[in-house]
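Here's the letter readout for the chains.
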Amino acid sequence: MRRNHSNTSLFSIVPLSIAAVCIVVYIGALIFAVVRIYTGITERRTTAEREFFDLADLSSAAGVLGFMNEQFQETIRDAVAASQTLQGVIISGPNGEYAFERDRGTAVAWTGDTPRFMPRFGISKEPFFEPVRIEGQRNVSISAVFNYIDYDLFSMILKRTLLAILIALSLAFFTLILQFLLSKKDTVPVESPVEPSKESEDFPPDIRNEDLFQVIDEIEADAEVNTGGYEKQIDELNFEDFTLPNLDIDDITAEDVPPPVLPDISEAESRGLYAPRSNIGWEAYTKDRLGSELHQCASFDQDMVYIMMEFKDTVLLDDALYKRLADEAVTFFTHRDLIFEKGEWGISVIVPNIDLDQGFTLSEEFHNRILSACSTSDPAKIPELCIGLSSRAGRLVDTERLMLEASQALSRAWDDKVSPIVAFKSDPEKYRAFIATQNKPHL
């Protein structure tokens, strides 16, 4: 029996080429899926941002006819339902908060009378936030979360990816079957004619002709293997003459895949506008809201006071007393959305449209109110409340500067043994001169 060397060489190369093709298909399908999913999420976020600001403008326009009346709420509901991405909206006003959802119970949860955004897969953890200017209303803001996964696009991407993988698997499967079937035909019988000779007459008469042919075939096969004829043909085969077919999956390459962007998401901002411990604003919101109020007061040429207060005797404090301080601040200053946590035992308050003297008077009244609320039979057990405040005072002051001034005033009040209230009083003319010197180029 002899081997068909040409068929054996050919079908030892074909599986390698098919395996290479399948690997290229798998990698290409994976890159295609990653690129399309990332691009879809990016486009989804851009669309959500545009729809949110359109909704903020619509809220400002609808509020002219009546803030939070039936027509206003119906307008907001229709806008949320018509949007492609917005999943839940919370509007904060002077009298409370109002929530709107595309599908009830999917984006907003209620804690008492306070709506909060739910952490959920597929919904953005960082909500959009924008102040809304409505005539006759103050401190109105809107926040929203959006669905960053387009499930129709996601399904289409998976179908195309799985289709490419299925084609590659089918090709590999049929190649394996074909190789198995052809391997059975790898050896073919070859007739070896034997010419009669005189030497054949020397064989004993008990050896039959078929036995003689079998001996000859075995001798011939052994001689062929020993000469290395089969191994030699494999070694001499030129693999460079074989070329792989080009695979085109939408011309996608590895360079097309951008690195993943991990947003820095604040856990506090994903839980709603108010902290559960005190039911006032999160400390993380203070800077943004103070900047918004500064801009609004500067636009109307109004003054504004920023107050920081903190308990001094932390040994006497607990969460119940801190909650009472927050509740008294909401009752006294009336605007919950302008009151924020500060550190572990303090709060900060934004009071627009008053000057520094009026702010100092309000601080004294509130300080006396807290002393009365916390009064006990033992004066030594009453925690001391220190207050520091600063004002805009006609200046174009930025947020960091105003917070620094109030913080310095609070530090002075902390160390002052006479007065627990200290106000940072600035001279507008000297401040403008100082800013002018800072803006001059250094020669």
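Residues numbered from 1 in each chain as written. Predicted model: local features only at pLDDT ≥ 70, side-chain atom pairs only at ≥ 80, totals over all residues. Heavy atoms only, no water.

Comments concerning the overall build of the protein
- What the protein contains, in helices and strands, is 10 helices and 13 strands.
- Scored against the burial criterion, the 443 residues of the protein give a buried share of 37%.
- Across the protein, contacts joining residues at least 24 apart in sequence account for 71% of those joining residues at least 6 apart.
- Carbon and sulfur atoms make up 56% of the accessible area of the protein, which totals about 27,000 Å². (Helix = DSSP H or I, 4+ residues; strand = E, 2+ residues; numbered from the N terminus. Buried < 20%, exposed > 50% of the residue type's maximum accessible area, 1.4 Å probe, protein only. Contact = heavy atoms within 4.5 Å. Areas by Shrake-Rupley, 256 points an atom, 1.4 Å probe, with all protein chains shown as cover.)

A closer look at the sheet that holds strand 7 (residues 137-146)
- In spatial order, the strands read 3-2-7-6; together these four strands make up an open sheet with antiparallel pairing. With partners counted over all chains shown, the strands left at the sheet margins are strand 3 (96-101) and strand 6 (128-134), one partner each. Going from strand to strand, the sheet's axes swing by 20° on average, the running direction of each strand aside.
- Examined bridge by bridge, strand 6 and strand 7 share six bridges and lie antiparallel to one another. Within strand 7, the residue paired with F128 across the bridge is A144.
- Along the sheet, helix 2 (residues 70-82) contacts strand 2 (86-93) and strand 3; its crossing angle with strand 3, the most-contacted strand, is approximately 40°.
- The strands touched by helix 6 (residues 286-299) are strand 6 and strand 7; relative to strand 7, the strand with the most contacts, the crossing angle is about 140°. (Pairing = 2+ DSSP bridges. Axes fitted to C-alpha atoms, helices over the stretch in contact; angles between N-to-C directions.)

Focus on the packing of aromatic side chains
- Tallied over the full model, the rule gives 10 aromatic pairs.
- Each ring, one from Y322 and one from W345, has its centre 6.1 Å from the other, and the planes form 85°; the classification is edge-to-face. Highlighted residues: Y322 in helix 7 (residues 319-333) and W345 in the loop between strand 10 (339-342) and strand 11 (346-352), separated in sequence by 23 residues.
- Positioned above the aromatic ring of W345 is the side chain of R277, whose terminal nitrogen or guanidinium carbon lies 5.0 Å from the ring centre. (Phe/Tyr/Trp six-rings, centres within 6.5 Å; stacked < 30°, edge-to-face > 60°. Lys NZ or Arg CZ within 6 Å of the ring centre and 35° of its normal.)

Thoughts on the packing of helix 7 against helix 8 (residues 356-373)
- Contact pair helix 7 / helix 8: the axes reach a minimum separation of 11 Å and the direction vectors enclose 135°. The angle between the axes of helix 7 and helix 8 places the two elements in the oblique class. In this structure, the crossing between helix 7 and helix 8 has a hand that is right-handed. Packed against helix 7, whose contacting residues are R324, L325, E328, A329, T331, F332 and F333, the element helix 8 presents L362, E365, F366, R369, I370 and A373 at the interface.
- Split by residue class, the contact of helix 7 with helix 8 holds eight nonpolar, one polar and four charged. (Parallel < 35°, antiparallel > 145°, perpendicular 65-115°, else oblique. Left-handed = near helix turned anticlockwise from the far one by under 90°. Nonpolar A, V, L, I, M, F, W, Y, C, P; charged D, E, K, R; others polar.)

What to know about a nonpolar patch on the surface
- A cluster of nonpolar residues, F173, F174, I177, F180 and L181, forms a patch on the protein surface that exposes about 530 Å² of accessible area.
- Checked against the element boundaries, F173 lands in helix 3 (residues 151-183). (Patch = residues over 30% accessible without salt bridge, like charges linked within 9 Å, V, L, I, M, F, W, Y side chains within 5 Å. Salt bridge = Lys/Arg side-chain N within 4 Å of Asp/Glu carboxyl O.)

Observations regarding the packing of helix 6 against helix 9 (residues 399-415)
- One can describe the packing of helix 6 onto helix 9 by two numbers: an axis separation of 9 Å at closest approach and a directional angle of 110°. It follows that helix 6 is roughly perpendicular to helix 9 by the angle criterion. Of the residues in helix 9, those touching helix 6 at T286, K287, L290, G291 and L294 are T399, E400, L402 and M403.

Section: the environment of L178
- Here L178 is to be found in helix 3.
- A relative accessible area of 45% places L178 in the partly exposed class.

Describing the pattern of salt bridges
- With the rule as written, the count across this model stands at 12 salt bridges.
- Two residues, R392 and D301, come together in a salt bridge whose shortest N-O distance is 3.8 Å. One end of the pair, R392, is in the loop between strand 12 (385-391) and helix 9; the other, D301, is in the loop between helix 6 and strand 9 (304-311), with 91 residues separating them in the sequence.
- K323 is paired through a salt bridge with D327; the nearest N and O atoms lie 3.0 Å apart. With K323 and D327 both in helix 7 and four residues apart, this pair spans about one turn of that helix.
- On the accessibility criterion, K323 (27% relative accessible area) is partly exposed.
- Residue classification places D327 among the partly exposed positions, given a relative accessible area of 32%.
- In this structure, a network of salt bridges that share partners links the residues R138, R289, E293 and D337.

Things to note about empty space enclosed by the protein
- The final tally for this structure, using the stated rule, is four cavities of 30 Å³ or more.
- Approximately 140 Å³ is the volume attributed to the largest cavity.
- The wall of the largest cavity is formed by 13 residues, among which F129, L273, Y285, R289 and F340 lie closest to the centre.
- Counting only elements with at least two residues in the lining of the largest cavity, the list comes to helix 6 and strand 10.
- Taken together, the residues that form the lining of the largest cavity break down as six nonpolar, three polar and four charged. (1 Å grid on protein atoms, 1.4 Å probe; cavity = no way out; pocket = protein on both sides within 12 Å on 5 of 7 lines; lining within 4 Å. Points joined across faces, edges and corners; volume = space filled by probe spheres on them.)

Concerning the layout of surface pockets
- In this structure, the second largest pocket occupies an estimated 340 Å³ of space.
- Taken together, 17 residues line the second largest pocket, and the ones lying closest to its centre are R133, I134, Q137, Q296 and F300.
- Top element by residues in the lining of the second largest pocket is helix 6. It accounts for five residues.
- Taken together, the residues of the lining of the second largest pocket break down into five nonpolar, seven polar and five charged.

A short note on the environment of N147
- Here N147 shows up in the loop between strand 7 and helix 3.
- Considered as a pair, N147 and I41 are 106 residues apart in the sequence and their alpha carbons are 9.4 Å apart.
- Beyond its immediate stretch of four places on either side in the chain, N147 contacts R44, T85, Q87, G122 and I123.
- Of note is the side chain of N147, whose polar atom sits 3.1 Å from the backbone nitrogen of I149. (Polar contact = N/O pair within 3.5 Å; in protein donor to acceptor, adjacent residues only side chain to side chain.)

Details of the sheet that holds strand 9
- The five strands lie next to each other as 10-11-9-12-13, forming an open sheet whose pairing is mixed. On the outer flanks of this sheet lie strand 10 and strand 13 (421-424), each paired with one strand and no other. Strand-to-strand twist across the sheet, computed as the mean angle between neighbouring axes with direction ignored, equals 20°.
- Here strand 10 runs beside strand 11; their pairing, made up of four bridges, is antiparallel. Bridge assignment links E341 to a residue of strand 11, and that residue is I347.
- Strands strand 9, strand 11, strand 12 and strand 13 of the sheet are contacted by helix 8, whose axis makes an angle of about 165° with strand 12.

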